[in-house]
Amino acid sequence: MKDDKSSNQMWGGRFASGPAAIMQAINASIPFDRKLYAEDVAGSLAHSRMLAATGIISSDDRDKIAGGLRTILHEIESGTFVFSERLEDIHMNVEARLAELIGPAAGRLHTARSRNDQVAVDFRLWVKREALRVTVALEALIEALLDRAEEHAATVMPGFTHLQTAQPVTFGHHAMAYVEMFSRDLSRAGDGVDRMDESPLGAAALAGTSYPIDRGMTARELGFREPTRNSLDSVSDRDFALEFLAMAAICATHLSRLAEEIVLWSTPQFGFVRLSDAFSTGSSIMPQKKNPDAAELVRAKTGRMNGHLIALLTVMKGLPLAYSKDMQEDKEAVFDSAETLDLMLAAMTGMVRDMVLDAGAMRRAAAAGYATATDLADWLVQKLGLPFREAHHVAGKAVALAESRGSGLEKLALADLKSIHPGITEDVYSVLTVQNSVRSRQSFGGTAPAQVRKQIRYWRKRLKKGRERR
């Protein structure tokens, strides 16, 4: 038989005491699930009140349990509570301390429930609260974008496809595109809350319980719409966590797209915006540099958010009903995504509010890329009745001529334009400036300043209604 020393060497220095230490390290979730302490106490308070109301425990035990749980809550929030990895998770840590405080009555709290439905209700409560926090943060970002859109509803800038100058738009219209994106994230957060608004408490381990419990009572006390309807699904479902991660990953993608544009716009080559010092850093050796680090970090963190979603999808994909220990891997991903998304939203809201726009640089860029070529083609269709494909060809020849002269379309002489198509008249110049181009885009949802302001009014009203419903 090998001695303890050789056995310990096999396990390695960090786990010097052997297999027991490894099992404790891999099994314990208290280093991260302690975040659920408030939800765990709230769920236990609701459960104890229901047990007393249905005659399963006495009112005296209920009162002792309530007093002990409130003491524990105070200890955790004041930093005096001692967490133990030996007790594995937040549920057992709270239960053990409750037993120290109130004695045998603590053992009656776990009647008619399991750690399976306990963690399910705790985690749902936490994710629901975080989703509601995200809605508030998203609304703040949308408000910041609406303010900048209103300020620059008529500020002309180039619109791009393939990162090539396409047609002139306004900065207000561009900002409103992100309002649309983030409003969908807002909707997803709200939809997720609606679907997770069911309480799994009372499903017990997987089959329900023989005790005469009132699941409707605990659901109402915890702020859920109703109890879940299948005990197997109640303890094995993590759709609510997956939906939160999906919403967070999609929102992070939108944040990353805006961050990428801010990085581009803040370069000397674009020069469209200047970030405040609060969201920039300097170079250690190049004194002229002002780096858009906050935007770059928002862009980078999106990969982490996507990874968390894929990780939990992979955990869940092969699990049979009902509960498996694999599900312990759900929390770290969600906790980190929630914290990261909060930070990303706060940083982007600050950047949007603080950045200074250079309207002149944007206008010059819009005029420099023959962005009104489509306006010329549309004029040929509307005024001369040309088929659009022919008009497109004529406009292309005009662009080639302007390019060879090193001038804008609006600088070409009428005689030059007539040499391309004899039907062109002086009226064509009314559509060749970028200002006139954006004013002409009056279709619903278009870039015309009047349309931009119309959409701003719509979104301000919609945000107000959303807050009133909450």
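The numbering scheme is per chain: residues are counted from 1 as the chain's sequence reads. The model is predicted, so local features are restricted to residues of pLDDT at least 70 and side-chain atom pairs to those at 80 or more, both for listing and for counting; the totals for chains, interfaces and linings are taken over all residues. Water and hydrogen atoms play no part in the side-chain values, which are based on all heavy atoms of the structure.

**What about the confidence of the model for the protein chain?**
How we decide: For every residue, the pLDDT score states the predictor's confidence, bounded by 0 at the bottom and 100 at the top. Contacts are assigned to residue pairs with any non-hydrogen atoms lying within 4.5 Å of each other.
When pLDDT is averaged along the protein chain, the result is 92, and 94% of the positions lie at 70 or above. This model gives residues 1-11 a pLDDT under 50, and the stretch forms six contacts once residues within four places in sequence are excluded.

**Comments concerning a positive patch on the surface**
Selection criterion: Only residues whose relative accessible area exceeds 30% and that take part in no salt bridge are eligible for patches, with like-charged residues grouped when within 9 Å of each other and nonpolar side chains (Val, Leu, Ile, Met, Phe, Trp, Tyr) grouped when within 5 Å. Throughout, the Shrake-Rupley method with a 1.4 Å probe supplies accessible areas, and for residues the shown protein chains are the sole cover considered. Take a side-chain nitrogen of Lys or Arg and a carboxyl oxygen of Asp or Glu: if they are within 4 Å of each other, that pair is a salt bridge. For this count, His and the chain ends are skipped, Lys and Arg are scored as positive, and Asp and Glu as negative. By convention, the charge on Lys lies at NZ, on Arg at CZ, on Asp at CG and on Glu at CD. The numbering of helices and of strands both runs from the N terminus, where a helix is a DSSP run of H or I of at least 4 residues and a strand a run of E of at least 2.
Judged by side-chain charge, Arg 453, Lys 454, Arg 457, Lys 461, Arg 462, Lys 465 and Arg 469 come together as a positively charged surface patch. Looking at the secondary structure, you find Arg 453 in helix H19 (residues 449-469).

**A short note on the pairing of strand S2 (residues 164-170)**
The cut-off we apply is this: Strand pairing is assigned whenever DSSP detects at least two bridges linking the two strands.
Bridging between strand S1 (residues 156-161) and S2 involves five bridges; their strand directions are antiparallel. Looking across to S2, one finds that Phe 160 is bridged to Thr 165. Counting the residues that bridge the hairpin from S1 to S2 gives two residues, and of these His 162 lies at a positive phi of roughly 60°.

**Remarks on a nonpolar patch on the surface**
On the surface, Leu 206, Leu 232 and Leu 321 cluster together into a nonpolar patch covering about 270 Å² of accessible area. Position of Leu 206 among the secondary structure elements: in the loop between strand S3 (198-199) and helix H9 (215-221).

**Notes on helix H7 (residues 115-151)**
The cut-off we apply is this: A helix is expected to reach a length of 1.5 Å times the quantity of its residues less one. What qualifies as a polar contact is a pair of N or O atoms within 3.5 Å, subject to a donor-acceptor requirement within protein and to the restriction that residues adjacent in sequence count only when both atoms come from side chains.
Its 37 residues place the ends of H7 54 Å apart at the C-alpha level, agreeing with the 54 Å of an ideal helix rising 1.5 Å per residue. A side-chain oxygen of the first residue of H7 lies 2.9 Å from the backbone nitrogen of Asn 116; this N-cap is Ser 114.

**Concerning H19**
Where we set the bar: When accessible area is computed with a 1.4 Å probe and restricted to protein chains, residues below 20% of their type maximum are described as buried, those above 50% as exposed, and intermediate ones as partly exposed. Throughout, the arc means that of the directions going from the helix axis to the C-beta atoms.
In this model, H19 (21 residues) spans 31 Å end to end at C-alpha, consistent with the 30 Å of a helix rising 1.5 Å per residue. Among all positions in H19, only Pro 449, Gln 451, Val 452, Gln 455, Ile 456, Trp 459, Leu 463 and Gly 466 are buried. In an axial view of H19, the angular spread of the buried residues amounts to 150°, which keeps them on one side of the axis. Exposed residues pointing more than 90 degrees away from the buried face of H19 are listed as Lys 461, Lys 464, Lys 465, Glu 468 and Arg 469. Those residues of H19 hidden inside the fold are in contact with H7, S2, helix H8 (171-195) and helix H18 (434-440).

**Some thoughts on the environment of Asn 291**
Looking at the element boundaries, Asn 291 is found in the loop between strand S5 (273-274) and helix H12 (293-316). By relative accessible area, which is 16% here, Asn 291 ends up buried.

**Examining the pattern of salt bridges**
On inspection of all chains with the given rule, the structure shows 36 salt bridges. Put simply, Arg 225 and Asp 194 hold a salt bridge, and the shortest N to O gap is 3.4 Å. Note that Arg 225 is positioned in the loop between H9 and strand S4 (226-227) and Asp 194 in helix H8, a separation of 31 residues in sequence. The partly exposed category is assigned to Arg 225, whose relative accessible area is 40%. Asp 194 gets classed as partly exposed once you look at its relative accessible area, which sits at 48%. Taken together, the salt bridges that share partners define one network made up of Lys 128, Asp 194, Asp 197, Glu 198, Arg 225, Glu 226 and Arg 229.

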